[in-house]
Amino acid sequence: MNERSGQSHTLEVRADFACFSRPEMKVERFSYPCPTPSSARGVFEAIYFKPEFRWQVTRIELLDPPAYIALRRNEVKDKASERSINSWIKGKAEPEPLFADLTGEESKGRTQRQTMALRSPRYRLTAQIVPRGAQPVATYDAQFVRRASQGKCFQQPYLGMKEFVCFFDYIDDVDAARNTKPPANYSQDLGYMVYDVFDLNAVNATRAEQEHPNAKLRKSNAANVSLFKAVIDKGVLIVPDYDSDAVLKPGRRAG
């Protein structure tokens, strides 16, 4: 673990549904039994995030065995272009919404897809703040504890998909919580699991940086997919450090 990391923070999250799509299933979505590290990171970032640090997820606990539910949903095939949206904002054109619930000729813009989601999932997520440079980690830790304890967030966190919003509680006494509600008696070798889809050591580029006229100064938020061997042991998934050799990144082969 990074020596500059702050204290460990644990959240207990719950939702009606969740879906952490396995990439090998292609079009039809089939969920992992637990969150990916990137999905867990998103929960913490929804509560507190600054470009000066990143979140390192260390532990994911399943509080209940996974229960799957089959859902069929209407999804749109197209998306509104940025140019169109800017025209709507400026009043130069009338908004043209995309509908997923239409029949007849108008239904050509939608498609039905099957989703194997999780029903009533509950997890305990543990993560640490890793600063970028010499940053006041203790200050960030205190701010996160204050926000999470009061239920504050920048946006409502979700489990895998934005429509599957979740609710969270900050756990002060982790040992007591594990004694009261231990992880589920569930084990599974998941093989290679998605770790993240971005380079966690790269600072998010702003719109101005992405569109900088000087190519040498231009930055991007290009996808940078990483994988790791995930094993759930008695309801617990231990997540390796992003910088460790256990995480496969572009250009790094499995040993």
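See the structure shown above.
Draft legend 1. Here's a closer look at the overall build of the protein chain. Looking only at helices and strands, one finds five helices and 12 strands in the protein chain. Burial status across the protein chain gives 36% buried among its 255 residues. Considering only residue pairs separated by 6 or more positions, the protein chain has 80% of its internal contacts joining residues 24 or more positions apart. Accessible surface for the protein chain amounts to roughly 14700 Å². Of this, 50% is attributable to carbon and sulfur atoms.

Draft legend 2. Region of interest: unusual backbone geometry. One non-glycine residue, Ser 120, lies in positive phi territory at about 50°. Ser 120 gets classed as partly exposed once you look at its relative accessible area, which sits at 45%. Located in the positive-phi region is Lys 234, a residue other than glycine, with phi close to 55°. Note on placement: Lys 234 falls in the loop between strand S10 (226–233) and strand S11 (236–238).

Draft legend 3. Helix H3 (residues 137–149), seen in detail. The terminal C-alpha atoms of H3 lie 18 Å apart, and with 13 residues this matches the ideal 18 Å at 1.5 Å per residue to within 8%. Taken residue by residue, H3 has Val 137, Tyr 140, Asp 141, Phe 144, Arg 147 and Ala 148 as its buried positions. Within H3, the buried residues cover an arc of 135° as seen down the axis, which keeps them to one side. The inward-facing, buried residues of H3 abut strand S1 (8–15), helix H1 (37–47), strand S4 (53–62), strand S7 (122–131) and strand S8 (166–170). Looking one or two residues beyond H3, the residue adopting positive phi is Gly 151, at roughly 75°.

Draft legend 4. Main features of the pattern of salt bridges. Scanning the model with the defined rule gives 13 salt bridges in all. Between Asp 243 and Arg 54 there is a salt bridge; the shortest N-O distance is 3.6 Å. With Asp 243 in the loop between S11 and strand S12 (247–248) and Arg 54 in strand S4, the pair connects residues that are 189 residues apart, well separated along the chain. Classification of Asp 243 by relative accessible area gives partly exposed; the value is 38%. In this structure Arg 54 comes out as buried when scored by relative accessible area, which is 4%.

Draft legend 5. Local environment of the packing of aromatic side chains. In this structure the tally under the stated criterion is 13 aromatic pairs. Relative to Phe 53, the ring of Tyr 48 lies with its centre 5.6 Å away and its plane at 35°, an arrangement referred to as tilted. Pair check on accessibility: Tyr 48 and Phe 53 agree, each one buried. For the cation-ring pair, Arg 147 lies above Phe 154, with the distance from its terminal atom to the ring centre recorded as 4.3 Å.

Cut-offs used in this document
Residues numbered from 1 in each chain as written. Predicted model: local features only at pLDDT ≥ 70, side-chain atom pairs only at ≥ 80, totals over all residues. Heavy atoms only, no water. Helix = DSSP H or I, 4+ residues; strand = E, 2+ residues; numbered from the N terminus. Buried < 20%, exposed > 50% of the residue type's maximum accessible area, 1.4 Å probe, protein only. Contact = heavy atoms within 4.5 Å. Areas by Shrake-Rupley, 256 points an atom, 1.4 Å probe, with all protein chains shown as cover. Expected span 1.5 Å × (residues − 1). Arc of directions from axis to C-beta. Salt bridge = Lys/Arg side-chain N within 4 Å of Asp/Glu carboxyl O. Phe/Tyr/Trp six-rings, centres within 6.5 Å; stacked < 30°, edge-to-face > 60°. Lys NZ or Arg CZ within 6 Å of the ring centre and 35° of its normal.

Shape is all these values report; function is a separate question.
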